[in-house]
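Inside the fold
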Amino acid sequence: MIAARDFSVFVSHPGKGVASMDLVVEGVRCGGCMSAIEKGLKSQDGIRGARVNLASKRLTVEWDEGATQPGFILQRLDELGFPAFPFAPETAGGLEANEERRLLRCLGVVAFAMMNIMLLSVSVWSGARAGVTGATRDMFHWLSALIALPAVAYAGRPFFESAVRALRQGAVNMDVPISLGVLLALILSVVQTAQHAEEAYFDSAVMLLMFLLAGRALDQRMRRKTREVAGNLAAMKAETATRICGDEDEEALEVPIAAIRAGDLVLARPGERISIDGIVEAGRSEVDQSLVTGETAPIPVAPGQPVYAGTVNMTGTLRIKVRSAASGTLLDEVNALLAKAVEQRSSYVRLADRAARLYAPLVHVTALATFLGWLASGLGWQASLVVAITVLIITCPCALGLAVPAVQVVAASAMFRRGILLNSGDALERLANVDTIVFDKTGTLTLPQPGVANLGDHDSRDLELAGALASASRHPLSRILAAAIATKSRLAVEEFSGEGVEAFVDGERLRLGSATFCKAEELAPAVASEWPDASLIFFRRGERTAYFVISQALRPDAREVVRQLAAQGYAIEILSGDRDAPVAAIAGKLSVMNFAAGLKPAGKIARLERLKSQGRCVLMVGDGLNDAPALAAAHVSISPVSATHLAQAHADAVFLGERLAPVAAALRLARKAKRLMLQNLWLAVLYNAVAVPVAIAGHATPLIAALAMSGSSILVTLNALRARAAGEVAS
Amino acid sequence: MNVLAILVPIALALGFCGLIAFLWALRSGQFDDLEGAGWRAIADDDLPES
């Protein structure tokens, strides 16, 4: 029974008779690939257009409805050498892109305003010495007002809205003093201009907005890029399920997970990854739950028993009834724990917000004191007010507003290049505080896909024959063996269900399968005790017996990374749901003293709570369904990209690839970033320490304000750029 | 100072043209694919295939 694929979820209809689909394309690197794909598709009948976006590795295809099928398009792309995956443009990604455009529009408007106002302001500044008449100066100021007021009204909204939101919740964030400073600067300038005064602050207000908007637009852009890559990875996982429709004449249809509803019947063939949670309706099989529970030994399942998404069906075909929620199962336990963990997650206050809480009252009190001070010393109330407002303008936290986001952007893009995608905005700061690292074993310290541990023990002829036998079988272990040997030769084999495969080559009998099938009963116990955590495949050629050890190998650099982290003073623990022996073996290899095996999700959380009560900041690295609550409960968490969906959704960051090095890199970069953030905050404080006395004394002119603000902003930004080069040494 | 009556409007108008051009570019998706655009410029897809 071959399942047809249903693409209707992915196809949209931009016009009448036109269908369109977004695809993620693998392996597009340059303009050559781009034109190969576009030409290759456009030469097909019925295709109206194809456009590759090289930056996001996505492709949009449009075709005349009915003239071709999405399946053919995918097949054609496969032929061209670019496997593609349909992609449902999720709403979140669209929102990110819209927000970025909005910020860029604001930036464009404010940049236009700033350039023209500067043109006028510089004329006034230089004219003040050259003896320009008051009338000309006033005209220039009114012109500046004419440009600045609408520009700020439009481009300042991101800040004003955020400030109002914060104030409504009774909190203070950095946008409150920013908004206040900008608005006061404009009001004061208009009043001053009306009174024919010499000084106006239109330029400062607009310049401030431009610097801050540039920072925000970059931040947003980095965030969108990260989301895009995460979206592509999700699409490439191509999570589909085979749905069985109709009661009598059964029809199987391959549909994306999103289209599966509770109560649907789904088919899982041997060797397939089960993609939904459900109850077995019919069939018996063994299921490898290692990615879900960490337990490496396969679990037998029979009708009435639950199976989970992310597990691998090993031996028999299963029919599974999808369910939304039932009680008393692993998934429920995980969900209940998750709800609690998310609720309890200590509300971390970001560095920038903490600085704002400290800064805003301080600045406002200073301004008030300045006003009262000048009033007491006999200056008129109007003149005193002008000086006080100048203090507010000059302390308007331009550098402070950039101090943290600038570092954030640079560090996030440095992580991005090293294969770490940050999910949450404050993950960087929380990562920097970590002093204890807790690893899950299966899929985190070990590779998510098992491999063959003893390939080197066999001669090449044996390997070729075993590979050929293995590639003829559908059994999951055979598939792993076939993939590891990757031989091209094929054999005509006979498959003995549940036992193995047999073939004859040059009169010699070849067998691949269980110990009894290969007459290796006397060999089996010794091998099994040598490899406690592995599955074995036996191979018999003529009278000789050999065996292949299928086990979950450590990530290639796991030992090195763990040793490094320990040397840097991190306390390291392993918490696993697997049995004691395999966990102890891995802990021994990595020389990790603290480990616990056989833990349920609640057990992992209990351990994290104990660490937390000791005042530790814990980084949890895990990938399984059973890790999800722990990931949510930990101070900060990282998942490998192969993790189950639930785990990834609750991790603060995701790392790509087979190596563990990104975890160490993330910690290094985060520490460096935190240091730079603090440095930047001090730089901003230093700027204020110099500028504020000048303003309080009443000597701050618009020229001084403009120079001081741009100077400090540039300094802070340059300092942030140093986050790029962090930590190359250790690799 | 009469020259100002000409120069200031010109300066403003030029800046405004720049702003309009930027907003148009943003709206029409010129910044959507910053990598691909460079390659498209040198692609010979307008030449007849030989």
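Along the backbone of chain B there are two helices and zero strands. Looking at chain B as a whole, 14% of its 50 residues are labelled buried. For chain B, the computed accessible surface area is about 3,900 Å², with 67% contributed by carbon and sulfur atoms.

Taken residue by residue, the interface counts 25 residues in chain A and 21 residues in chain B. Taking both partners together, chain A and chain B bury about 2,000 Å²; carbon and sulfur atoms supply 67% of that area. Inspection of the region where chain A meets chain B yields two salt bridges. Residue arginine 101 of chain A is joined to aspartate 32 of chain B by a salt bridge in which the shortest nitrogen-to-oxygen separation is 3.1 Å. For the pair chain A and chain B, the number of links is six residue pairs in polar contact (both at pLDDT 80 or more). For the side of chain A that touches chain B, the secondary-structure elements that each account for two or more residues are helix H1 (31-42), strand E4 (47-53), helix H3 (91-130) and helix H4 (134-155) of chain A. Sort the elements by how many residues they give to the side of chain A that touches chain B and H3 of chain A lands first, with eight residues. Residues of the side of chain A that touches chain B, tallied by class, amount to 13 nonpolar, five polar and seven charged.

The parts lose accessible area when they come together, and the size of an interface is often stated as this lost area. Along its sequence, chain A is organised into domain 1 (8-92), domain 2 (106-225 + 347-405 + 701-714), domain 3 (238-328), domain 4 (408-446 + 555-674) and domain 5 (451-551). The centre of domain 1 of chain A, based on its C-alpha atoms, is set 41 Å off from the matching centre of domain 5 of chain A.

Residue and element names in this part refer to chain A. With 126 residues, the main nonpolar core has Ile437 and Leu619 as its most contacted residues. For this core, the leading source of residues is helix H23 (residues 661-696), giving 15 residues. Of the domains in this structure, domain 2 (106-225 + 347-405 + 701-714) and domain 4 (408-446 + 555-674) are the two that each give at least three residues to this core. Leaving out residues up to four positions away in the same chain, leucine 619 has contacts with Leu431, Val434, Thr436, Ile437, Val438, Val636, Ser637, Ile638, Val663 and Leu667. Counting residues in hydrophobic clusters, the runner-up holds 24 residues, among them Val25, Val28, Leu41 and Val61.

This part takes up the environment of aspartate 557 of chain A. All names here are of chain A. With respect to the helices and strands, the residue aspartate 557 is situated in the loop between strand E23 (544-551) and helix H18 (558-567). When the C-alpha positions of aspartate 557 and alanine 661 are compared, they lie 6.9 Å apart, and in sequence the two are 104 residues distant. In this structure, aspartate 557 is in contact with Arg659, Leu660 and Ala661, ignoring residues within four places of it in sequence. Among the polar contacts listed, one links the side chain of aspartate 557 to the backbone nitrogen of alanine 661, at a separation of 3.0 Å.

Residue and element names in this part refer to chain A. With antiparallel pairing, the six strands of this open sheet are ordered in space as E18-E23-E22-E21-E20-E19. Here the strands that pair on one side only, and so sit at the sheet edges, are strand E18 (451-452) and strand E19 (494-496). Relative to E23, strand E22 (residues 535-541) runs antiparallel, the two sharing seven bridges. Bridging across to E23, leucine 536 finds its partner in valine 549. Sheet strands touched by helix H16 (residues 476-485): E18, strand E21 (508-513), E22 and E23. Its angle to E23, the strand with the most contacts, is close to 95 degrees.

By the definition in use, this model includes four aromatic pairs over all chains. Measuring from centroid to centroid gives 6.4 Å for phenylalanine 538 of chain A and tyrosine 547 of chain A, while their planes differ by 55 degrees, and the two rings are tilted. Judged by its relative accessible area of 18%, tyrosine 547 of chain A falls in the buried class. Aromatic side chains phenylalanine 22 of chain B and phenylalanine 31 of chain B sit 5.9 Å apart centroid to centroid with 45 degrees between the ring planes, which places their arrangement in the tilted category. Note on phenylalanine 22 of chain B: relative accessible area 23%, which makes it partly exposed.

Next up on the list: helix H1 (residues 4-27) of chain B. All names here are of chain B. Between its first and last C-alpha, H1 extends 34 Å over 24 residues, near the 34 Å set by a 1.5 Å rise per residue. Those residues of H1 not exposed but buried are Leu4, Val8, Leu19, Ala25 and Leu26. Note on H1: the residue one or two positions beyond its end, glycine 29, has a positive phi of about 75 degrees.

Attention shifts here to the pattern of salt bridges. Oppositely charged side chains can pair when the atoms bearing their charge come close. Applying the stated rule across the entire model yields 27 salt bridges over all chains. Salt bridges here are not isolated pairs; linked through shared partners, they connect Glu100, Arg221, Arg224 and Glu228 of chain A.

A separate point is the environment of threonine 390 of chain A. Residues and elements named next belong to chain A. Following the sequence through the fold, threonine 390 ends up in helix H11 (residues 381-395). Counting along the chain gives 312 residues from threonine 390 to proline 702, while the straight-line C-alpha distance between them is 9.1 Å. Aside from chain neighbours lying at most four places away, what touches threonine 390 is Tyr201, Ala695 and Ala700.

Before going further, it helps to examine the sheet that holds strand E17 (residues 436-439) of chain A. Residue and element names in this part refer to chain A. Spatially, the seven strands line up as an open sheet ordered E16-E28-E27-E26-E17-E24-E25, and their pairing is mixed. Here the strands that pair on one side only, and so sit at the sheet edges, are strand E16 (420-422) and strand E25 (594-596). The sheet shows a mean angle of 20 degrees between the axes of neighbouring strands, direction not considered. Packed onto the sheet, helix H20 (residues 601-613) meets E17, strand E24 (571-575) and strand E26 (618-621) and runs at close to 160 degrees relative to E24.

Definitions and limits used
Every residue gets a number counted from 1 within its own chain, in the order that chain's sequence is written. Whichever chain is written first is A, and whichever ligand is written first is 1; the rest continue in order. Totals for whole chains, interfaces and linings use every residue, but because this is a predicted model, local features are given only for residues with pLDDT of at least 70 and side-chain atom pairs only at 80 or more, for both listing and counting. Calculated side-chain values reflect all of the structure's heavy atoms, with hydrogen atoms and water omitted. Secondary structure elements follow DSSP: runs of H or I of four or more residues count as helices, runs of E of two or more count as strands, with numbering from the N terminus. Exposure categories follow from relative accessible area, calculated using a 1.4 Å probe and restricted to protein chains: below 20% of the type maximum is buried, above 50% is exposed, and the middle band is partly exposed. Residue-level accessible areas treat just the shown protein chains as cover; the underlying method is Shrake-Rupley with a 1.4 Å probe. Any two residues whose heavy atoms approach within 4.5 Å at even a single point are treated as in contact. The term buried area denotes the loss of accessible surface (1.4 Å probe radius) that occurs when two parts are joined, taken as the sum for both partners. Salt bridge criterion: a side-chain nitrogen from Lys or Arg within 4 Å of a carboxyl oxygen from Asp or Glu. The term polar contact refers here to a pair of N or O atoms within 3.5 Å; inside protein, the definition further demands a hydrogen-donor-capable atom paired with an acceptor-capable atom, and it admits residues adjacent in sequence only when both atoms are side-chain atoms. Think of it as three bins: nonpolar holds Ala, Val, Leu, Ile, Met, Phe, Trp, Tyr, Cys and Pro, charged holds Asp, Glu, Lys and Arg, and polar takes everything else, Gly as well. In this entry, domain limits derive from an automatic or database-based domain assignment. Only buried Ala, Val, Leu, Ile, Met, Phe, Trp, Tyr and Cys residues count toward a nonpolar core, and they belong to the same one when joined by side-chain atoms within 4.5 Å. Strand pairing is defined by DSSP finding a minimum of two bridges between the two strands. Simply put, an axis is a line fit to the C-alpha atoms, just over the touching stretch for a helix, and the angle between two N-to-C directions goes from 0 to 180 degrees. In this scheme Phe, Tyr and Trp rings, the latter by its six-membered ring, pair at centre separations within 6.5 Å, and the angle between planes marks the pair as stacked below 30 degrees, edge-to-face above 60, and tilted otherwise. Any helix carries an expected span of 1.5 Å times its number of residues minus one.

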